[in-house]
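# Summary of structural features
Listed here are the chains, written in short residue letters.
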Amino acid sequence: MDYEMIMLRFGEFTIKGRNRMRFEKRLKDQVLRVLKPYPAALITQSFGRIYIELNGEPYHPIAQRLQDIFGIVSLSPVKRTVPDLEAIREAALDVMKGYDDTPRTFKASVRRVWKEFPHGSQEMNHLVGGHVLRRYPQLRVDVRHPEIELRVEIQQEAAYVFSEVVPTAGGFPYGTNGKAMLLLSGGIDSPVAGWHAMRKGLEVEAVHFYSFPFTSEQARDKVIELARRLSYYSGGTLRLHLVPFTDIQTSFVSSKQDPLMITLMRRAMLRITEKLAEQAGASAIVTGESLGQVASQTLASMNVIGRVVELPLLRPLVMMDKQEIINTAEKIGTFATSILPFEDCCTLFVPKSPSTNPNLRVVEKVESFIPQLDELLAKAIEETEVMELNAETDLSGETAGRDEWF
Ligand code: ATP
Ligand code: MG
């Protein structure tokens, strides 16, 4: 099937009048980036929709990349023809050629946007539907729940014919809802949290804490690779801050408050991240926490950990089940990297029985007894290394991104 065009449908942001122009521009830029390797393909805009004229460029690889652009809710491969009954009927047969001989239910839905067109919508449903049925006897009409809905949109300059609606990533165009820092560990959850944040239009900078020599070079590379995989969804680059955490962790170990270890570490991470957020102009912190998953993720723990910063903490996964998170990790192409075995800085320092119900006053007291904690935090910020990751320039020679939409 040779499609001439791809029709893109926008998401929820279409209702936000004032921002619409900005959102549309962002979205268009993202689409243009995807089309760069396909110079004959052109973008056109009409009636609040974006169309891509393929001009001979291949549908499938382009559609595949478009599915990952946030702000597009669905797309359809479309045949375009002149607004004339016979031409529309031919195009309809052509679209239906894409299906095999399996018996299926079907209906034609014609929308007449151009009111001068000589046949009404209802009449057209019969004229087009009947024509298709005569050619494909395995089809049976079902107007309520058809397996195939053949749609025709008649405008003055052209008629568009299509039957497939491919659901895509949805959300808001990347970066149109502000900026946040993402606490990125090497685990399964935080890259998924990052993807959810990006999908909602947040520009993201990732922050990772490592404890060399307790954590290996491979553990670091793993996080860099995860950030690179996420960068694919930004449509450009993604910044990663690598924060040396060894001295801070060691100072916590010497405080001999084993059950509070994780609480202390997470609070220190947040304090540093809040400073980095200030420098980056970010106004929220995103984490991969999920309620009840581990000791540090009880409501009591989250409360005590979160009290240390003033920025809003966004936890996209907080109410999700692990399996749901894993499914998304697989879909977005981060799972295989996340399950590589290298130790995370926290795993190494995990106490035998971490507190599930830490007390804020006690935690603050313990912190106040740690010698030069503020200086250690300031030093870690000073020694933070910054990298710009880009999905096209990689460690492994492979372009990031998922393999297939589910
Ligand atoms: P993940 O799979 O994201 O590691 P997890 O279920 O293992 O999550 P924790 O290890 O308790 O949970 O971490 C909770 C959250 O704290 C993580 O999702 C991440 O946002 C943040 N975090 C943990 N370790 C680090 C780290 N070394 N650097 C940056 N952020 C971290
Ligand atoms: Mg973890």
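Computed from a predicted structure; not experimentally measured.

### A closer look at the domain arrangement of the chain
When the parts of a complex come together, some accessible area is lost, and that lost area is often taken as the interface size. The domains assigned to the chain are domain 1 (5–167) and domain 2 (179–390). Here the C-alpha centroids of domain 1 and domain 2 sit 43 Å apart. Buried surface at the junction of domain 1 and domain 2, summed over both partners, amounts to about 660 Å²; 47% is from carbon and sulfur atoms. One can count 0 salt bridges joining domain 1 with domain 2. On inspection of domain 1 and its partner domain 2, the count reaches 4 residue pairs in polar contact (both at pLDDT 80 or more). A breakdown of the residues in the side of domain 1 that touches domain 2 according to their chemical character gives 1 nonpolar, 1 polar and 4 charged.

### Quick look at the side chain of Arg229
Its place among the elements puts Arg229 in helix 6 (residues 217–234). Assessed through its relative accessible area of 9%, Arg229 is described here as buried. A polar side-chain atom of Arg229 sits 2.9 Å from the main-chain carbonyl oxygen of Gly333.

### A short note on the packing of aromatic side chains
Inspection of every chain in the model, using the stated rule, returns 8 aromatic pairs. Seen in terms of ring centroids, Tyr51 and Tyr160 are 5.0 Å apart; in terms of plane orientation they differ by 15°. Their pairing is stacked. Of this pair, Tyr51 sits in strand 3 (residues 49–53) while Tyr160 sits in strand 8 (residues 159–162), and the two are 109 residues apart along the sequence. With respect to class, Tyr51 is no different from Tyr160; both count as buried. For the pair Tyr232 and Tyr233, a centre-to-centre distance of 4.8 Å together with 80° between the ring planes defines the contact as edge-to-face. Of the aromatic side chains, those joined through ring pairs into one cluster are Phe70, Trp195, Tyr232 and Tyr233.

### Considering the environment of Pro213
Within the element layout of this structure, Pro213 appears in the loop between strand 11 (203–210) and helix 6. With relative accessibility at 61%, the residue Pro213 sits in the exposed group. Expressed as a C-alpha distance, the spacing of Pro213 and Gly71, which sit 142 residues apart in the sequence, is 42 Å.

### Considering the UniProt feature "domain: THUMP" (unreviewed entry) in the chain
According to UniProt, the positions carrying the feature "domain: THUMP" (unreviewed entry) are residues 60–165. The span residues 60–165 shows a helical share of 32% and a strand share of 31%, and its end C-alpha atoms are spaced 14 Å apart.

### Details of helix 3 (residues 85–96)
In this model helix 3 runs 17 Å from its N-terminal to its C-terminal C-alpha over 12 residues, within 8% of the 16 Å that 1.5 Å per residue would give. In terms of residue burial, helix 3 counts as a mostly covered element, since 9 of its 12 residues are buried. Taken residue by residue, helix 3 has Leu85, Ala87, Ile88, Arg89, Ala91, Ala92, Leu93, Val95 and Met96 as its buried positions. Tucked inside the fold, the buried residues of helix 3 contact strand 4 (72–81), strand 5 (104–112), helix 4 (121–135), strand 6 (139–141), strand 7 (148–154) and strand 8. N-cap assignment for helix 3: the residue whose side-chain oxygen lies 3.2 Å from the backbone N of Glu86 is Asp84.

The rules behind the values
Residues numbered from 1 in each chain as written. Chains lettered and ligands numbered in written order. Predicted model: local features only at pLDDT ≥ 70, side-chain atom pairs only at ≥ 80, totals over all residues. Heavy atoms only, no water. Domains from an automatic or database assignment. Buried area = accessible area lost by both parts, 1.4 Å probe. Salt bridge = Lys/Arg side-chain N within 4 Å of Asp/Glu carboxyl O. Polar contact = N/O pair within 3.5 Å; in protein donor to acceptor, adjacent residues only side chain to side chain. Nonpolar A, V, L, I, M, F, W, Y, C, P; charged D, E, K, R; others polar. Helix = DSSP H or I, 4+ residues; strand = E, 2+ residues; numbered from the N terminus. Buried < 20%, exposed > 50% of the residue type's maximum accessible area, 1.4 Å probe, protein only. Phe/Tyr/Trp six-rings, centres within 6.5 Å; stacked < 30°, edge-to-face > 60°. UniProt positions renumbered as here; feature names shortened; annotations may be inferred. Expected span 1.5 Å × (residues − 1). Contact = heavy atoms within 4.5 Å.

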